[in-house]
Amino acid sequence: TGMYLEGSIALPKTADDKPRFEEDVKSARDAGAEIIRTVCLSGRRYENFHSPGEFEEFRKNSLASLQLAEPLMAKYRMKLAIENHKDWRARELADILKRLGSEWTGVTVDFGNSISLMEDPIDVVNTLGPFIFSTHVKDMAIQEYDQGFLLLEVPLGQGFLDLRKMCDICRAHNSKVNFNLEMITRDPLKIPCLTEDYWSTFTSVGGKELARTLRTVREKRSSLPLPEISGLTAEEQLAAEEKNVVACLEYSRSALGMR
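Structural notes, computed from the coordinates.

Section: the overall build of the chain
Check the secondary structure of the chain and you find 8 helices and 8 strands. What you see for the chain is a C-alpha radius of gyration of 19 Å, in line with the 18 Å of a compact globule of 259 residues. With respect to the three principal axes, the spread of C-alpha positions in the chain is 50 × 50 × 40 Å. For the chain, buried positions account for 50% of its 259 residues. Relative to all contacts within the chain whose residues are 6 or more apart in sequence, the contacts with residues 24 or more apart total 79%. Accessible area for the chain stands at about 13200 Å²; split by element, carbon and sulfur atoms hold 48% of it. A gap of 6 Å separates the mean positions of the 34 positive and 40 negative side-chain charges of the chain.

Concerning the pattern of salt bridges
Applying the stated criterion to the full structure yields 15 salt bridges. Between Arg44 and Glu47 there is a salt bridge, and its shortest N-O distance comes to 3.3 Å. On the accessibility criterion, Glu47 (41% relative accessible area) is partly exposed. A salt bridge links Arg45 to Glu92; the shortest N-O distance between them is 2.8 Å. With Arg45 in helix H2 (residues 45-48) and Glu92 in helix H4 (residues 90-100), this pair connects stretches of sequence that are 47 residues apart. Through salt bridges with shared partners, a single network forms among Asp110, Lys138, Glu153, Glu182 and Arg186.

What to know about the sheet that holds strand S4 (residues 105-110)
Read from one edge of the open sheet, 5 strands run S1-S2-S3-S4-S5, paired in parallel fashion. For this open sheet the edge positions go to strand S1 (6-8) and strand S5 (132-136), each flanked by a neighbour on one side alone. On average, each strand axis in the sheet is inclined to that of its neighbour by 30°, with strand direction left out of account. Here strand S2 (residues 35-38) runs beside strand S3 (residues 79-83); their pairing, made up of 4 bridges, is parallel. Following the sheet pairing, Thr38 is matched in S3 by Ile82. The sheet contacts of H4 involve S3 and S4, and relative to S4 the element is tilted by about 165°.

Things to note about the packing of aromatic side chains
Tallied over the full model, the rule gives 9 aromatic pairs. Cluster of aromatic residues (ring-pair linked, three or more members): Tyr46, Tyr198, Trp199 and Phe202. The aromatic ring of Phe133 is capped on one face by Lys79, whose charged end is 5.0 Å from the ring centroid.

Side note on the pairing of S3
Counting buried positions over the 5 residues of S3 gives 4, a clear majority of the element. Looking at chain direction, S3 and S4 are connected through 4 bridges and run parallel. Across the sheet, the residue bridging to Ile82 is Val107, located in S4. Taken together, S3, H4 and S4 form a β-α-β motif whose crossover is right-handed.

Structural notes on the sheet that holds strand S8 (residues 189-191)
As summarised here, the arrangement of the 3 strands in space is S6-S7-S8, forming an open sheet in which the pairing is antiparallel. Of all strands in the sheet, those bounded by a partner on one side alone are strand S6 (139-145) and S8. The average angle at which neighbouring strand axes cross in this sheet is 30°, direction not considered. One ladder, built from 3 bridges, connects strand S7 (residues 148-154) with S8; its direction is antiparallel. Counted as the bridge partner of Leu150 is Lys190 from S8. In the packing of helix H7 (residues 207-220) onto the sheet, contacts are made with S6 and S7, and the angle to S6 comes to roughly 100°.

How each quantity is defined
- Residues numbered from 1 in each chain as written.
- Predicted model: local features only at pLDDT ≥ 70, side-chain atom pairs only at ≥ 80, totals over all residues.
- Heavy atoms only, no water.
- Helix = DSSP H or I, 4+ residues; strand = E, 2+ residues; numbered from the N terminus.
- Rg over C-alpha atoms; globule rule 2.2 N^0.38 Å.
- Buried < 20%, exposed > 50% of the residue type's maximum accessible area, 1.4 Å probe, protein only.
- Contact = heavy atoms within 4.5 Å.
- Areas by Shrake-Rupley, 256 points an atom, 1.4 Å probe, with all protein chains shown as cover.
- Lys, Arg positive; Asp, Glu negative; His and termini not counted.
- Charge placed at Lys NZ, Arg CZ, Asp CG, Glu CD.
- Salt bridge = Lys/Arg side-chain N within 4 Å of Asp/Glu carboxyl O.
- Pairing = 2+ DSSP bridges.
- Axes fitted to C-alpha atoms, helices over the stretch in contact; angles between N-to-C directions.
- Phe/Tyr/Trp six-rings, centres within 6.5 Å; stacked < 30°, edge-to-face > 60°.
- Lys NZ or Arg CZ within 6 Å of the ring centre and 35° of its normal.
- Right-handed = clockwise from strand over helix to strand, strands pointing away.

This is the structure in structure tokens:
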């Protein structure tokens, strides 16, 4: 059928967790997967951490988890793809991968997540491209609100991302990369970049990045109010999600040359 399977896995937190992780890797391999996606943080950097010390502890723990995982990925010749999941800025994640120095550890490049960390989407793909194993393809819409900006996944072609260019960069680094749609139908996320607490973990990000991001928000803002689904019934939410996914698949075929 030409289909493929990618796994999703939780990293081992301690040495005692390695047997569970190994069984999950084996299960994914036996099911036919060659790539397993993972994240270092299930939440969002600007919501989970409120001081440089808290983020540094997370960084140390994440590196320790990846160092536990890497030998098992090598043992089973499986690729572990770490997503930029509103936790790492692209350069931070690239530095971690360079430190690991493993052919079995790379990235899942999410096209939209890093906007929430004051990063330009094209810069993110260029920075993480050398390590790319997998993707989360999405388009994003943005609008201002009183504490920063709103960020929302929208059907492909309806947001402000240059999807063709981003896909071309990915292919240039990995001609066999899988393009995985991640169309999340939800309420807009609030990115409170004008509040003091938002900046508590950023030591090297300054006014230039904030100014560029806010300029992009104003220049590329959605002309229509960003939709919310929390007030819909469960059936209406499912219908909205299906409509969005179908629209994405149609756009990917007609405009991006995907099947």
